[in-house]
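Coordinate analysis (summary)
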Amino acid sequence: MRPVYMISGGITKFAKAHPDKDFRLMVKEAFDYAMDDVPGLSRDLIDGSVCSYFSDHFTRQLKAGAMVQDYLGLCPMPSRRIEGGGATGGLCLQAAWEAVASGRMEVCIAFGFETMSRVNTWKGNEFIAHASDTNFDYPVGGFYTGYYAMMVHRHMHEFGTTVEQMARVAIKNHRNALFNPYAQSPAGLSIADVRSSPMVSTPLTILDCCQMSDGAAVAILASEAAAERLCNRPVRITGVGCGTDAMRMADRPHGRVILLPHESEEDYRDLKYPGVHSFRGGRTAAKLAYRMAGITNPVEELDFVELHDAYTSSEIQTYEDLGLCRYGKGGLFVDQGCPFMPDIDYGSDAPARGERCLPVNPSGGLLACGHPVGATGLMQAVFAFWQLQDTVGKHMGNETLRVRGAKRGLIHSHAGTGTYITVTILERA
Amino acid sequence: MNRNAKLPETEEGTILFNTDPIVIRHHYEIDYIHSYAQDSPFFAGLAKKKLLGSKCEACGHIYATPRGHCMECGAATRWFELPQRGRVHTFTTCHFGSEAFLKETPFTLILVEFDGVDTLFMSRLIGVEPDEARIGMPVRARFVRNCKFRPTDVYFVPE
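All figures in this text were calculated on a predicted structure; none of them were measured in a lab.

Side note on the overall build of chain B
The helix and strand inventory of chain B stands at 1 helix and 10 strands. Its C-alpha atoms give chain B a radius of gyration of 24 Å, more than 25% over the compact-globule value 15 Å for 159 residues. With the C-alpha coordinates aligned to their principal axes, the bounding extent of chain B is approximately 80 × 45 × 30 Å. A sequence separation of at least 24 residues applies to 50% of the contacts in chain B between residues at least 6 apart. When the accessible surface of chain B is summed, it comes to about 10,000 Å², and 50% of that surface belongs to carbon and sulfur atoms. Distance between charge centres in chain B, computed from 19 positive and 20 negative side chains, equals 7 Å.

Shown next, in the form of C-alpha cells:
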C-alpha cells in the first residue's frame, strides 16, 4: 500500500428536484468544478473512475455509470460501479482509495449521484424499503423511518435519550446549513418546531428525518507523486475502515461491546450489544480506521466529523459508535454542546457550549444538505477536503462553517439499519 | 422494397407534466415468480398457525426469524416451533410509509422477544392505541384464517 491523497472535489447544489438535469449532467457539473480546482490535471492524466449510485429503480436506467463515464469523456478508461445502500458513496471513496493505494492508478475519479425526484416521496420510500429483507421485513410494513424509530425507542429505553436531545441535532444541522450554499434545507429551528412538525413514525417527526434529493458529487484521489505535481494543498487519507451487520434488525446479537482503545470492559458491564440501539458495523469501521490512522482517543484527536445523520437519532447513535462519547452518553454529548460550532448562534433552545468542542456535521449533514444517496458519502469527502485545505471560504462564499485550524477529520457513511458502514480519516498533508 | 412504408398511427397519448424540460409519465411494473426457497417451511407453518424459528445444534444459537444456516458458526439449522407469547422489545407507530402501505397507516410495528430465543421477530401489533404500546408489554400471536403466505399472516395482540 502507498499513501493516497485527495486533490480536488466538487458537488452540485442538492435539491428536492432538478428536472432540468439528468444524472449525467449533474455529475458533469461536479466533475468540471473539481477539474477547474486543479488546473494542472488534464484528462490524459486520469487513469480511471469508480461510480457510486444506489438505486436502478430511482434512475430508471441500469448501468447508468457507463453513461456517466462516456458523458465525462472518460471512455475507454477502466471504471466500475460500487453499490452498498446508503454507504454507497463512502464505499466508492474507499474503492478509489484502493485503486490508488494498490498502484493500479495514479489518479482516480470517484463520482456519485442520485436522482430521487423521479418518483413521488412515498414510492421512493418503497424503493428504499426494498433494501430490507423482502421475505420477512418489507412485507410487514417496510419503511426505513419505522425501523429507525424502533431503534431509537430502544435507545431511549436503555439510555434515557430524549426527543429534545434529538431535536437539538436538527437545530444544529439545519442552522449550520444556513451558511452552506450547497444545502437543500437550511433553517433556523426550535425544539417546538421539530416536535410539532408532522409525525412520521413515533417518535420521529419529519424534521428528525433527512429528505430525498437530486444531486451529484465528485472526489479526485491521487498518488503522492501525482498529488505533489497537481495540487498545492493535497489532503491525505490516513485511515479507512468498514464494518457490517445482519440485514435484518431482528437478527442483531445481544453480546459484548467491541471496545475502542480508550474504553474498557468495566464501562459496559451490563450492556447487551449491539441490540437494536447500536451499530457494531459502525464501531468496527471506526476501530479499523483509527488503528490505521493511529488514533487512540478520537474526541481529542479529531477536529471535526461529517457523519451519516439520516435521522437525528442515528446521529446520536453514531457519536457512540465512533467513540466520541461512551455508549449511552450520546444524548448528553448533545446537551453538553460538544457537536455544535463554537461561534454560531443556534437560538435559545441550543445547549450552552462546554469546554469540549468537536463540530459534527458542520456542513449541515444529511438532515439539512439532503441525501441523494450515491452522492452523499462523496459530499462528505468534499466538505472534509475543503475544511482540511482551509478553502471553505473560497468554495462556500463565506467562512462561517470553517473549522479553524482543522488538521484531521472523520467522515462516516452508513447503509440500511447499519448493514454497511465506512469510516475514513482525512488529514492535512 | 416499399419506399412508401409507413407506421400505423395510434390514438395513445403521453401524460405530460411539464414542457420545459419535458417531463412525462413512464409506467413500469413487474410480477415476479418469487420462491421462498429454504425459508418456505416458515410460510407453510403460518397456514397451520405455527410460528417457526431456527435452532443451530452446532453452537446453540436460536433464531426467532428463521435462517437456513447459522450466522454465528455457519452450520445448517433445524426448524423448531416458537412460543406464541412474547414481549415487545421495541415499537413504533407509522403515520406515513412506503406507498404500498400508506392506506394501512397508522399501523404499529414491533420487534418481539421470546424467552430463551436469541434474536427477535418483526411483526404488527394491533388492538392498542398508538400511545398504549410499551417496551416489555406481553403480547400473543394470532394468525389470519385465509393464509396469504406472507409474514403478515401472523400478527400480535396485547395479552
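Continuing now.
Side note on the overall build of chain A
Scanning chain A from terminus to terminus reveals 17 helices and 13 strands. By its C-alpha atoms, chain A is 55 × 45 × 40 Å across when sized along the principal axes. Across the 429 residues of chain A, 66% fall into the buried class. Residue pairs in contact within chain A that sit at least 24 positions apart in sequence constitute 76% of those at least 6 positions apart.

Examining the sheet that holds strand 2 (residues 48–52) of chain A
The strands that make up a sheet are held in pairs by hydrogen bonds between backbone atoms, and each pair lies either parallel or antiparallel. Residues and elements named next belong to chain A. If you trace the 9 strands from one edge of the open sheet to the other, you get 3-2-4-7-1-8-13-12-11, paired in mixed fashion. Of all strands in the sheet, those with a lone pairing partner are strand 3 (79–82) and strand 11 (304–306), marking the two edges. On average, adjacent strands in this sheet sit at an angle of 25° to one another, irrespective of strand direction. Here 3 bridges tie strand 1 (residues 4–11) to strand 8 (residues 235–244), and the two strands are oriented antiparallel to one another. From the neighbouring strand, Val-4 faces strand 8, where its bridge partner is Ile-237.

A closer look at the interface of chain A and chain B
Listed by partner, the interface residues are 37 residues for chain A and 40 residues for chain B. Summing the contributions of chain A and of chain B, the shared interface buries around 3,500 Å²; its carbon and sulfur component is 64%. It is A:Phe136, A:Val140 and A:Met150 that lose the most area in chain A upon contact with chain B, and together they represent 20% of the buried surface on that side. At the junction of chain A with chain B, the criterion picks out 2 salt bridges. A salt bridge links B:Glu99 to A:Lys123, with the shortest nitrogen-to-oxygen separation between them at 3.2 Å. Taken together, the links from chain A to chain B amount to 22 residue pairs in polar contact (both at pLDDT 80 or more). In terms of residues, the side of chain A that touches chain B owes the most to one element, helix 7 (residues 144–159) of chain A, which gives 7 residues. Taken together, the residues that form the side of chain A that touches chain B break down as 18 nonpolar, 11 polar and 8 charged.

Some words on the sheet that holds strand 4 (residues 62–63) of chain B
Residue and element names in this part refer to chain B. The 3 strands are arranged 4-3-5 in an open sheet whose pairing can be described as antiparallel. The open sheet is flanked by strand 4 and strand 5 (77–81), the only strands paired with a single partner. With 2 bridges connecting them, strand 3 (residues 52–56) and strand 4 associate as antiparallel partners. Looking across to strand 4, one finds that Lys-55 is bridged to Ile-62.

Brief notes about the environment of A:Gly330
Residue and element names in this part refer to chain A. Summarising the element assignment, Gly-330 is placed in helix 14 (residues 330–335). Judged by its relative accessible area of 0%, Gly-330 is buried. Each residue touching Gly-330, except ones within four places of it in the same chain, is listed here: Ile-316, Tyr-319, Glu-320 and Cys-325.

Some points on the state of the cysteines
The tally for this structure, following the rule as stated, stands at 0 disulfides over all chains. Distance from the sulfur of A:Cys338, which forms no disulfide, to the nearest cysteine sulfur (A:Cys357) is 7.9 Å.

Description of the nonpolar core
Residues and elements named next belong to chain A. Judged by nonpolar contacts, the single largest core of 124 residues is most densely connected at Tyr-290, Tyr-319 and Leu-324. By residue number, the principal contributor to this core is helix 16 (residues 373–389), which donates 11 residues. Beyond its immediate stretch of four places on either side in the chain, Leu-324 contacts Tyr-290, Pro-298, Val-299, Leu-302, Val-305, Tyr-319, Phe-333, Arg-356, Leu-358 and Val-360.

Re the pairing of strand 4 (residues 107–115) of chain A
Residues and elements named next belong to chain A. Of all the 9 residues making up strand 4, 9 are buried; the element is thus mostly covered by neighbouring parts of the structure. Side chains Val-107, Ile-109, Phe-111, Phe-113 and Thr-115 project from strand 4 onto one buried face, and the interleaved Cys-108, Ala-110, Gly-112 and Glu-114 project onto a second face that is buried too. Here strand 4 pairs with strand 7 (residues 214–223) via 9 bridges, running antiparallel. Pairing of Ile-109 across the sheet is with Ile-220, part of strand 7.

What about unusual backbone geometry?
Most peptide bonds take the trans configuration, and most residues that are not glycine carry a negative phi. Of note, the amide linkage connecting A:Tyr273 to A:Pro274 takes the cis form, showing an omega dihedral of -10°. As for its position among the elements, A:Pro274 is in strand 10 (residues 273–274). A positive phi angle is found at A:Arg60, which is not glycine, with a value near 60°. Its location among the elements puts A:Arg60 in the loop between helix 2 (56–59) and helix 3 (64–71). Phi angles above zero are rare outside glycine, and B:Lys49 is one such case at about 55°. Assignment of secondary structure puts B:Lys49 in the loop between helix 1 (40–47) and strand 3. Given a relative accessible area of 41%, B:Lys49 falls into the partly exposed group.

Basis of the calculations
- Residues numbered from 1 in each chain as written.
- Chains lettered and ligands numbered in written order.
- Predicted model: local features only at pLDDT ≥ 70, side-chain atom pairs only at ≥ 80, totals over all residues.
- Heavy atoms only, no water.
- Helix = DSSP H or I, 4+ residues; strand = E, 2+ residues; numbered from the N terminus.
- Rg over C-alpha atoms; globule rule 2.2 N^0.38 Å.
- Contact = heavy atoms within 4.5 Å.
- Areas by Shrake-Rupley, 256 points an atom, 1.4 Å probe, with all protein chains shown as cover.
- Lys, Arg positive; Asp, Glu negative; His and termini not counted.
- Charge placed at Lys NZ, Arg CZ, Asp CG, Glu CD.
- Buried < 20%, exposed > 50% of the residue type's maximum accessible area, 1.4 Å probe, protein only.
- Pairing = 2+ DSSP bridges.
- Axes fitted to C-alpha atoms, helices over the stretch in contact; angles between N-to-C directions.
- Buried area = accessible area lost by both parts, 1.4 Å probe.
- Salt bridge = Lys/Arg side-chain N within 4 Å of Asp/Glu carboxyl O.
- Polar contact = N/O pair within 3.5 Å; in protein donor to acceptor, adjacent residues only side chain to side chain.
- Nonpolar A, V, L, I, M, F, W, Y, C, P; charged D, E, K, R; others polar.
- Disulfide = S-S within 2.5 Å.
- Core = buried A, V, L, I, M, F, W, Y, C linked by side-chain atoms within 4.5 Å.

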